[in-house]
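Here are the chains, one letter per residue:
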Amino acid sequence: MQFGLRRQVSATIPELKSVLSHPISPPPAPPFPAECTPEPSLNLQLQILLQPISQHSPYPSSYAPIFQFLTRHNFIKLGQQTHAQIVLHGLRPNAFLAAKMVAMYASSGDLDSAEVVFDRTDNPSSLLYNSIIRAYTRHGFPEKTLEAYTRMHFLGLPGDNFTLPFVLKSCADLSRVCMGRCVHGQGLRVGLEGDFYVGASLIDMYVKCGAIGDAQKLFDKMVVRDVASWNALIAGYMKEGEIGVAEDLFGWMEGRNIVSWTAMISGYTQNGFAEQALALFDEMLQEGSEIKPNWVTIVSVLPACSHSGALERGRRIHDFANGIGLRSNSSVQTALAAMYAKCGSLIEAQRCFDMIAQKGKNLIAWNTMIMAYASHGCGIEAVSIFENMLKAGVQPDAVTFMGLLSGCSHSGLIDAGLKYFNDMSTIYSVEPRVEHYSCVVDLLGRAGRLVEAKELISQMPMLAGPSVWGALLAACRSYRNLEIAELAARRLFVLEPDNSGNYVILSNLYAEAGMWEEVKKLRLLLKCQGMKKSPGCSWIEINGKSHLFMGADTSHPQAEEIYKFLEALYEKIKIAGYIPDTTFVLHDISEEEKEYNLTTHSEKLAIAFGLLNTSPGVVLRVTKNLRICGDCHEATKFISKIYEREIIVRDLNRFHCFKDGSCSCGDYW
């Protein structure tokens, strides 16, 4: 079929040459997209369109329908040849013809030629400006769109319902709400506010610029509201965290489409409502549902699996994606790789990454895998992925180096990490941010180079944040450096006064040094401020269902069984050499009470539940909302050895893979 189409197109070229009677060699037959299917009478249509320009002095406007036809059928090479004939005939395109030529070049991605045609046209019209504005917007040049619209307005050319949606999209892309309001006012003056496309674009612009109140007012004034307006407002309220309002709008809405469902699922996911996102996705899969998920819906719901550690749910969604032909979709495979990595399955993450064609591996895909290996403490693998990315010709960004430095830090690759940090700005033109400095401070701290870490902080071009001082304090705890710990802790007391963990670390260092007066002062300060430790929670997925545990939780149906199991478990690991570390208990209570307090930490409850409800040899995957405490870390090492289980714990900072009595983090996290 494609060969036949090529033959048809080839046949038109000598005919075009003959009619135009100009000695230009015909170009080779243009490549023809397989998905394009022109009408059977293609040659006849082109012959009819060519007749007006067969005369000795054709009018420029006679070329307009030819360009329109060639654009519609993607015959760009023929369009270039026709443009060449216009130039050689000494004709200057008028605004009407130029608009068609700009549209043709823009459709092929040749913005340079589109701009040349636009700039060389005298007396531009609204139609011509619409063509270039559309071109700039669709090819991702919002600044140029607004510049063109400003010139158009200055010339007194009125915008219409084709102009304003593109201009408003550019305002949204640049968060230029003031400019958007000006465009809104101009639309009002020419009576365009009631237009479907303009109205929906205005709501979308206000939403994306964070002016949800203006979007709601405009929505309330609309006599007829199309689906796009509803969808934009739903997305806006989800973005603002107004979940209830978005749910009400979704409930009232008639004629929901795939965008409506996806906006809700994406909103739930972004706001941390993983179960609601998954429940709505499951509703779309039901037999009676008229609207089924597409690739955007799948990309939106997968982070919900990551958030709740729902690996089995993620696998089922993966199967569904394959079933609807998305096996080769690079965006879906990238999202799947991220989900598997965050659920603790690096092998499956790598498999999804490998499914992406080499040309389809964009910066996001490479960054996903670098971050995946880094979070699992696999620094060497993260470095290998980075080097492969460079070989593929993909340039790194700030996110790339965040993952790379984190991976080097977690794996103790000190020299490599420092080299990459220095190369960021000198070789790759990426300026380090606070989070990059945090990684390097952690890197130096891991090596015990605390003075260098402190000096690096003093040389930072921006103020050091909690992550930087927190990394230094953690290193001081490991190397028992009280002097620098005091400096870091005092800064943290100001930057994050409600974080009790910083007080606990300093208090423990004072206790180890026998500075009991300082311990007393710190505990008194904690008591006076009424500070409480952030509530920890952990969850584990068993048979496709997530089970959540809070510290000292007794609400679970198996609570009694879990606590009995933990009591016996503690006796076993104590015999094996485990000693409870009560320094991690903040409360001023007896040692016996402190020891019991440790047994009820949420991650221990989740692990006990997993051991009770899975077969021997099954990998346990636990997610915790905070950093795993030292005692739980030590206890889990013993549990993994005694019960011969691999236990993967994802905490706030990284993954810990416990196996045969040791952890992948090397006891530094």
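Residues numbered from 1 in each chain as written. Predicted model: local features only at pLDDT ≥ 70, side-chain atom pairs only at ≥ 80, totals over all residues. Heavy atoms only, no water.

**Q** Just checking my understanding: could you explain the pairing of strand 3 (residues 620–624) for this structure?
**A** In regular strands, side chains alternate between the two faces of the sheet. By the criterion of burial, strand 3 is predominantly enclosed, with 4 of the 5 residues buried. Relative to strand 3, strand 1 (residues 537–542) runs antiparallel, the two being bridged by 3 bridges. Bridged to Ile-540 within strand 3 is Val-622. Here 4 bridges tie strand 3 to strand 4 (residues 647–650), and the two strands are oriented parallel to one another. Bridge pairing links Arg-621 to Ile-648 in strand 4. Taken together, strand 3, helix 34 (residues 630–642) and strand 4 form a β-α-β motif whose crossover is right-handed. (Buried < 20%, exposed > 50% of the residue type's maximum accessible area, 1.4 Å probe, protein only. Helix = DSSP H or I, 4+ residues; strand = E, 2+ residues; numbered from the N terminus. Pairing = 2+ DSSP bridges. Right-handed = clockwise from strand over helix to strand, strands pointing away.)

**Q** Honestly, the sheet that holds strand 6 (residues 662–663) in this entry has me stumped. Any pointers?
**A** Here 6 strands make up an open sheet; going across it, the order is 2-1-3-4-5-6 and the pairing mixed. At either margin of the open sheet sits one strand with a lone partner, and together these are strand 2 (545–550) and strand 6. Here strand 4 pairs with strand 5 (residues 655–659) via 4 bridges, running antiparallel. Within strand 5, the residue paired with Val-649 across the bridge is His-656.

**Q** How do you make sense of the environment of Tyr-479 when you look at a structure like this?
**A** Assignment of secondary structure puts Tyr-479 in helix 27 (residues 466–479). Tyr-479 sits in the partly exposed class, given a relative accessible area of 40%. Each C-alpha atom, one on Tyr-479 and one on Gly-445, is 8.6 Å from the other, the two residues being 34 residues apart in sequence. For Tyr-479, the residues in contact, after removing those within four places along its chain, are Gly-445, Arg-446, Ala-447, Gly-448 and Leu-450. Looking at Tyr-479, its side chain comes within polar contact range of the main-chain oxygen of Arg-446, at 2.6 Å. (Contact = heavy atoms within 4.5 Å. Polar contact = N/O pair within 3.5 Å; in protein donor to acceptor, adjacent residues only side chain to side chain.)

**Q** Can you help me understand helix 19 (residues 330–342) in this one?
**A** Each α-helix turn comprises 3.6 residues. Residues three or four places apart therefore point the same way. A rise of 1.5 Å per residue sets the reference length of helix 19, with its 13 residues, at 18 Å; its end C-alpha atoms lie 18 Å apart and thus fit the reference within 8%. Residues of helix 19 that are buried include every one of Val-332, Gln-333, Thr-334, Ala-335, Leu-336, Ala-337, Met-339, Tyr-340 and Ala-341, and no others. Structurally, helix 19 contributes buried residues whose contacts are with helix 17 (295–308), helix 18 (311–323), helix 20 (346–355), helix 21 (363–375) and strand 5. Its side-chain oxygen at 3.0 Å from the backbone nitrogen of Ser-331, Asn-329 defines the N-terminal cap of helix 19. Gly-344 occupies a position one or two residues after helix 19 and carries a positive phi of about 95 degrees. (Expected span 1.5 Å × (residues − 1).)

**Q** Would you mind showing me how to read the nonpolar core here?
**A** Among soluble globular proteins, nonpolar side chains are generally buried collectively. The biggest cluster of nonpolar side chains holds 159 residues, and the ones touching the most others in it are Ile-132, Ile-203 and Leu-472. Residues within four places of Ile-203 in sequence aside, it is in contact with Ala-215, Leu-218, Phe-219, Met-222, Ser-229, Ala-232 and Leu-233. In this structure, Phe-565, Ile-573, Tyr-578 and Phe-609 belong to the second largest nonpolar core, which totals 31 residues. (Core = buried A, V, L, I, M, F, W, Y, C linked by side-chain atoms within 4.5 Å.)

**Q** Please explain the pattern of salt bridges as it appears in this structure.
**A** By the definition in use, this model includes 19 salt bridges. With its nearest N and O atoms 3.8 Å apart, the salt bridge here joins Lys-521 to Glu-518. Highlighted residues: Lys-521 and Glu-518, both in helix 30 (residues 516–528), separated by 3 residues, approximately one helical turn. The exposure class of Glu-518 is partly exposed, given its relative accessible area of 24%. With its nearest N and O atoms 3.3 Å apart, the salt bridge here joins Glu-634 to Lys-637. In this pair, Glu-634 and Lys-637 are both assigned in helix 34, 3 residues apart and thus about one turn of the helix distant. In this structure Glu-634 comes out as partly exposed when scored by relative accessible area, which is 30%. Salt bridges sharing partners connect three or more residues here, namely Glu-312, Arg-315 and Glu-348. (Salt bridge = Lys/Arg side-chain N within 4 Å of Asp/Glu carboxyl O.)

**Q** How should helix 8 (residues 142–154) be read in this particular structure?
**A** In this model helix 8 runs 18 Å from its N-terminal to its C-terminal C-alpha over 13 residues, within 8% of the 18 Å that 1.5 Å per residue would give. For helix 8, the set of buried residues is Pro-142, Thr-145, Leu-146, Ala-148, Tyr-149 and Met-152. All buried residues of helix 8 project into a common sector of 160 degrees when viewed along the axis, lining one side. In this structure, the buried residues of helix 8 make contact with helix 7 (126–138), helix 9 (163–173) and helix 10 (177–189). (Arc of directions from axis to C-beta.)

**Q** What is the right way to read the packing of helix 13 (residues 227–239) against helix 14 (residues 243–252) from this model?
**A** Helices that pack against each other are described as a pair by the angle of their axes relative to one another and the distance between those axes. Contact geometry of helix 13 with helix 14 gives a least axis separation of 7 Å together with a crossing angle of 160 degrees. Taken together, helix 13 and helix 14 sit at an angle that is classed as roughly antiparallel. Where helix 13 crosses over helix 14, the handedness of that crossing is left-handed. Together, Trp-230, Leu-233, Ile-234, Tyr-237 and Met-238 of helix 13 and Ile-243, Val-245, Ala-246, Leu-249, Phe-250 and Trp-252 of helix 14 make up the contact between the two elements. Across the contact of helix 13 with helix 14, the residue classes tally to 11 nonpolar, no polar and no charged. (Axes fitted to C-alpha atoms, helices over the stretch in contact; angles between N-to-C directions. Parallel < 35°, antiparallel > 145°, perpendicular 65-115°, else oblique. Left-handed = near helix turned anticlockwise from the far one by under 90°. Nonpolar A, V, L, I, M, F, W, Y, C, P; charged D, E, K, R; others polar.)

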